[in-house]
Amino acid sequence: MQRRSFIIGSVAVAGGVLIGGVRLLRPLDNPLDDILSDGEVALTPYVIIDGGGVSVITPRAEMGQGIHSTLAALVAEELDMELGDLRVIPGPPSSVYANEVLYPPTTSRREILRERLNALRGSPDRTPQLTGGQTSIRDGYVKMRKAGAAARSMLVEAAARERGVSAALLRTQGGAVIFPDGSSIPYTRLAAGAAKIAPPEDPPLKPRDQWTVLGKSQPRVDMVGKCTGTAHYAIDTRLPGMLYGIVRRNPRLGGSLRGFDATAARQMTGVHDVIALENGIIVVASNTWFAMQAAREVEVEWGPAPYPDSSAEHRAALVDAIRDGSGRRWRDDGDVDRALADVAVIEGSYHVPYLAHATMEPLNAVAWLRDDQLDIWAGNQNPTSTQYVGAQLTGLPLEAVRVHTTYMGGGFGRRLEMDFVASAVRAARAIPGLPILVTWPREEDVTHDAYRPLASAAFRASISDGRPTALDLTVCSPGLQESGRHRSELDFDRADRRQVWTFSGAMGAFDQPYRIPNYRVTTANAPRLLPVGFWRSVGESQNVFFTESILDELAHVDGVDPLAMRLSLLDHAPSRAVLEAVAEMSDWGGDLPAGSARGLAYARSSDAATAQVLQVTLVDGKIRIDRSCAVVDVGVALDPRNIEAQVMSSAIWGLCAATHGEITISDGSVDQSNFHDYLVMRMRQAPKVDVRIHESGGAIYGVGESATATAAPALGNAIFALTGRRIRELPFRNSIPFV
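All of these numbers come straight from a predicted model, not from anything done at the bench.

Caption draft 1: Spatial organisation of the pairing of strand 21 (residues 455-464). Among the ten residues in strand 21, seven count as buried, and that is most of the element. Where strand 21 and strand 22 (residues 467-476) come together, nine bridges link them in antiparallel fashion. Bridging from a neighbouring strand, Ala458 pairs with Thr474 of strand 22. Connecting strand 21 to the antiparallel partner strand 22 that follows it, the hairpin turn spans two residues, and Asp465 within it adopts a positive phi of roughly 55°.

Laid out in structure tokens, this is it:
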């Protein structure tokens, strides 16, 4: 995102001026009308000033990744304010806040990303305001700074006019404009005057050597609330007369509701209503506990699943698709068939299972339909989709649907889906006039997810003189669901929505910068199986496991060092730098205690070069993961401590999936239901994670998913180095025990 690609435009708003970094001066809507109070002035879509101080609008969802802090810091830097002096407010639904990295306006990139975004659009004619894909900082890095710089320029000019001096003589500090004699005027007193001044079209940004906020570790703006239990999540919402709903759906995803008898449930204490859905029910009561108990007493007849009944059949469907040979060619360098014709070849297949998101806060949303207005409180990753769902299900115009985006206890892609929001809106539509908090119990959440796809890969490869000479890789996974073009209101949460080929199925397989002379990557056409969706690191989560494990196999077959082999295949400077750094951190090639070994993996994750080394030890026949060393190229480090936390988080997330994560199917239903059988690592099993930040400069990269993709292959490669066993199917615990 180049600085000059953003132009500042303006439009009148609520007694002030709304200013933002908007490409090509496209028409601005008015996103702050509904949240401005008397005396408040919006100088930019990201800055509101009133008598109490300065607030920053953060257009991306806070789900634990610290994004509100870093986005606010972008504005604080240009306003010459301390981060702690700002209030932070989630942005309302608006195209002004569109994520232009994931939905770029340029034709070439739009074509590349079109199918990746089919599942994310709020509606066909609205650009999505979504949070995901490590894009929040990449999207906001320039335009939020420009919006802050524009506001600062207007405040300085307002102060200059008030005192009759040249703006060039003034400076800003600590939320005030400073005059040559040392006197000052706080921003809060200048806002009304600034609103009358035309904004600069292209305000200059501070050079990095003048930064005082960016580039330094900052206290997170959400930390006190989360540590004291005062942070507000959707599930904490309480409103006058509120009712509480519990969802119970067909355990065979996509199966219908054939009928139900709620006679006994309706007679239970506190029960208000039982609402029928196409594939389930919502029991509404005076509190959540009453609703949960009543939901269990409803006698239900469920329809069959529209997919195979067992995990073995799902896997066989992918294997058959690979054997069929049809699909899309993503990379085809050299002449793979000729290169593999007369040489020793290694070949085989790799497999990964479905995975749930299993967020700590169960899915929930509040909806309140009254007086031709709908209010929705939800922790969501796409406010524009949330607003669109409310409008479509109620028949209201978009402007009559207000979305209140709260903190969320984890998202990981799950809260890009709109099924949980649709449940609350349906309940509100059935019982208008009263707010209803609809919760999915953990069991419903785990058994009715939009899962990380199960995936399979088949490969043939060869190596000579320490360098791979050919790699033929075919991967297959169900396509992400097509949404946004809803055929009816039922499509917001139907599990049998048509699945389509997507870019995500090839991510991490074809787009790595390895210079293998004969390199072919194909995605086979997968059948529609379980509903699937975006999961942290998306297609990279499986495809990097495939490719990095295969490369490790080649290195060991030829007796060469896996690190040296990778370096020989890379001329991308940041990639070489992170590999060399992780080797130094982990003492790669150095002595280890008896019974210990290391494994390496590398990837470019959303363009960020990432490398990870895991050290493992065999203890009484079980694997103990001792240490993770991770290096990530972030381009420019805006908040080092938060970057380190996110790399640690993504490494542990990836290791949880690699060691334990698995969704299986029996009799058409998901077997797992809660954390007792959908296992994650316990604290005693988690390794020490050391992080090093590499700054290549220039472009800026996200880090929230960076170490997830490399965790599984690094662990598999370490297990092989330790035991000589090449495990080609996840989770590893099905093949080898862990401490």
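Caption draft 2: The pairing of strand 4 (residues 47-50), seen in detail. The alternating pattern of strand 4 places Val47 and Ile49 and Ile48 and Asp50 on opposite faces, both of which are buried. Direction of pairing for strand 3 (residues 41-44) relative to strand 4: antiparallel, over a ladder of three bridges. When the sheet's bridge partners are listed, Val41 is paired in strand 4 with Ile49. Between the end of strand 3 and the start of strand 4, which pair antiparallel, lie two residues. Strand direction decides the pairing type here: strand 4 and strand 5 (residues 53-58), joined by four bridges, are antiparallel. Paired with Ile49 across the two strands is Val54, which belongs to strand 5. Turn length for the strand 4-strand 5 hairpin, with the two strands adjacent in sequence and antiparallel, is two residues.

Caption draft 3: Quick look at helix 15 (residues 573-586). In this model helix 15 runs 20 Å from its N-terminal to its C-terminal C-alpha over 14 residues, within 8% of the 20 Å that 1.5 Å per residue would give. For helix 15, every residue scored as buried is listed here: Pro574, Ser575, Val578, Leu579, Ala581, Val582, Ala583, Met585 and Ser586. On its buried side, helix 15 packs onto helix 14 (562-568), strand 24 (596-605), strand 25 (608-619), strand 26 (622-633) and strand 29 (688-694). At the exit of helix 15 stands Asp587, carrying a positive phi of roughly 55°.

Caption draft 4: Representation of the sheet that holds strand 18 (residues 373-378). The strand order across the open sheet built from seven strands is 12-13-10-20-17-18-19, with neighbouring strands paired in mixed fashion. A strand with exactly one partner marks an edge of an open sheet, and here the two such strands are strand 12 (271-276) and strand 19 (401-405). Pairwise comparison of adjacent strand axes, ignoring direction, gives a mean angle of 20° for this sheet. Contacts between helix 10 (residues 383-394) and the sheet are confined to strand 17 (364-370), strand 18 and strand 19, with strand 19 contributing the most and set at about 145° to the helix. The sheet strands contacting helix 11 (residues 419-430) are strand 10 (243-249), strand 12, strand 13 (280-285), strand 17, strand 18 and strand 20 (436-439), and the helix crosses strand 17 at an angle near 30°.

Caption draft 5: Highlighting the environment of Glu78. Along the chain, the position of Glu78 falls in helix 1 (residues 67-79). Each C-alpha atom of the pair Glu78 and Ala150 lies 8.7 Å from the other, and the pair is 72 residues apart in sequence.

Caption draft 6: Expanded view of the packing of helix 1 against helix 3 (residues 136-163). Axis separation between helix 1 and helix 3 bottoms out at 7 Å; the angle between their running directions is 35°. Note on packing geometry: the crossing formed by helix 1 with helix 3 is right-handed. Residues Ile67, Thr70, Leu71, Leu74, Val75, Glu78 and Leu79 of helix 1 lie in contact with helix 3, whose contacting residues are Ser136, Ile137, Gly140, Tyr141, Met144, Arg145, Gly148, Ala149, Ala151, Arg152 and Leu155. Of the residues belonging to the contact of helix 1 with helix 3, the class tally is eleven nonpolar, four polar and three charged.

Caption draft 7: Inspection of the pattern of salt bridges at higher detail. Counting across every chain of the model gives 40 salt bridges. A salt bridge links Asp333 to Arg331, with the shortest nitrogen-to-oxygen separation between them at 2.9 Å. A residue is classified by how much of its surface remains accessible, and Arg331, at 15% relative accessible area, is buried. What you see here is one network of salt bridges that share partners, running through Arg60, Glu100, Asp139 and Lys143.

Caption draft 8: How the structure looks around the nonpolar core. In terms of nonpolar packing, the biggest core is built from 99 residues, with Tyr354, Leu715 and Phe732 touching the most fellow members. Apart from residues lying up to four places away in sequence, Tyr354 is in contact with His314, Tyr451, Arg452, Pro453, Leu454, Leu529, Leu530, Val532, Glu662, Ile663 and Ile665. Counting residues in each nonpolar core, the second largest holds 52 residues, with Val41, Met154, Trp211 and Val213 among its members.

Caption draft 9: Broad picture of unusual backbone geometry. Residue Pro731 follows Leu730 across a cis peptide bond; omega there is 0°. Along the polypeptide, Pro731 turns up in the segment after helix 17 (708-723). The phi angle at Ser537 is positive, at roughly 80°, despite the residue not being glycine. Within the secondary structure, Ser537 is located in the loop between strand 23 (518-524) and helix 13 (540-558). On the basis of relative accessible area, Ser537 is assigned to the buried category, the value being 1%.

Caption draft 10: Local environment of the packing of helix 16 (residues 640-659) against helix 17. The contact between helix 16 and helix 17 brings their axes to 7 Å, and the two run at 50°. If you check the angle between helix 16 and helix 17, you find them oblique. Crossing handedness for the pair helix 16 and helix 17: right-handed. Each of Ser650, Ala651, Trp653, Gly654, Leu655, Ala658 and Thr659 in helix 16 lies in contact with helix 17, whose residues at this interface are Thr708, Ala711, Ala712 and Leu715. Split by residue class, the contact of helix 16 with helix 17 holds seven nonpolar, four polar and no charged.

Caption draft 11: Expanded view of the sheet that holds strand 29. Taken together, the four strands give an open sheet; going across it, the order is 24-25-26-29, and neighbouring strands pair in mixed fashion. Edge positions in the sheet fall to strand 24 and strand 29, since each has one partner strand and no second. With direction set aside, neighbouring strand axes in the sheet form an average angle of 15°. Two elements, strand 24 and strand 25, share ten bridges in a ladder whose sense is antiparallel. Bridge pairing in strand 25 links Arg598 to Gln615. Packing of helix 17 onto the sheet brings it into contact with strand 24, strand 25 and strand 26, and relative to strand 24 it is tilted by some 155°.

Cut-offs used in this document
Each chain carries its own residue numbering, running from 1 in the direction its sequence is written. Given that this is a predicted model, residues contribute local features only at a pLDDT of at least 70 and side-chain atom pairs are listed and counted only at 80 or more, while totals for whole chains, interfaces and linings are drawn from all residues. For the side-chain quantities, the full set of heavy atoms in the structure was used; hydrogens and water were omitted. When a residue's accessible area, from a 1.4 Å probe over protein chains only, is under 20% of the maximum for its type it is buried; when over 50% it is exposed; and in between it is partly exposed. Each helix is a run of DSSP H or I of at least 4 residues and each strand a run of E of at least 2, with the numbering of both proceeding from the N terminus. Two strands make a pair as long as DSSP finds a minimum of two bridges between them. Helices are assigned an expected span. That span is 1.5 Å times one less than the residue count. Throughout, a residue-residue contact means that at least one pair of heavy atoms, one from each residue, lies within 4.5 Å. Throughout, an axis means a line fitted to C-alpha atoms (over the contacting stretch in the case of helices), and angles, computed between N-to-C directions, take values from 0 to 180 degrees. Crossings are assigned a handedness: left-handed for a near helix turned anticlockwise from the far helix by less than a right angle, right-handed for a clockwise turn. All residues other than Ala, Val, Leu, Ile, Met, Phe, Trp, Tyr, Cys, Pro, Asp, Glu, Lys and Arg, Gly among them, are scored as polar; the first ten of these are nonpolar and the last four charged. We count a salt bridge whenever a side-chain nitrogen from Lys or Arg sits within 4 Å of a carboxyl oxygen from Asp or Glu. Nonpolar core, defined: a set of buried Ala, Val, Leu, Ile, Met, Phe, Trp, Tyr and Cys residues in which side-chain atoms within 4.5 Å join the residues together. Each angle gets one of four labels, with under 35 degrees taken as roughly parallel, over 145 as roughly antiparallel, 65 to 115 as roughly perpendicular, and the rest as oblique.

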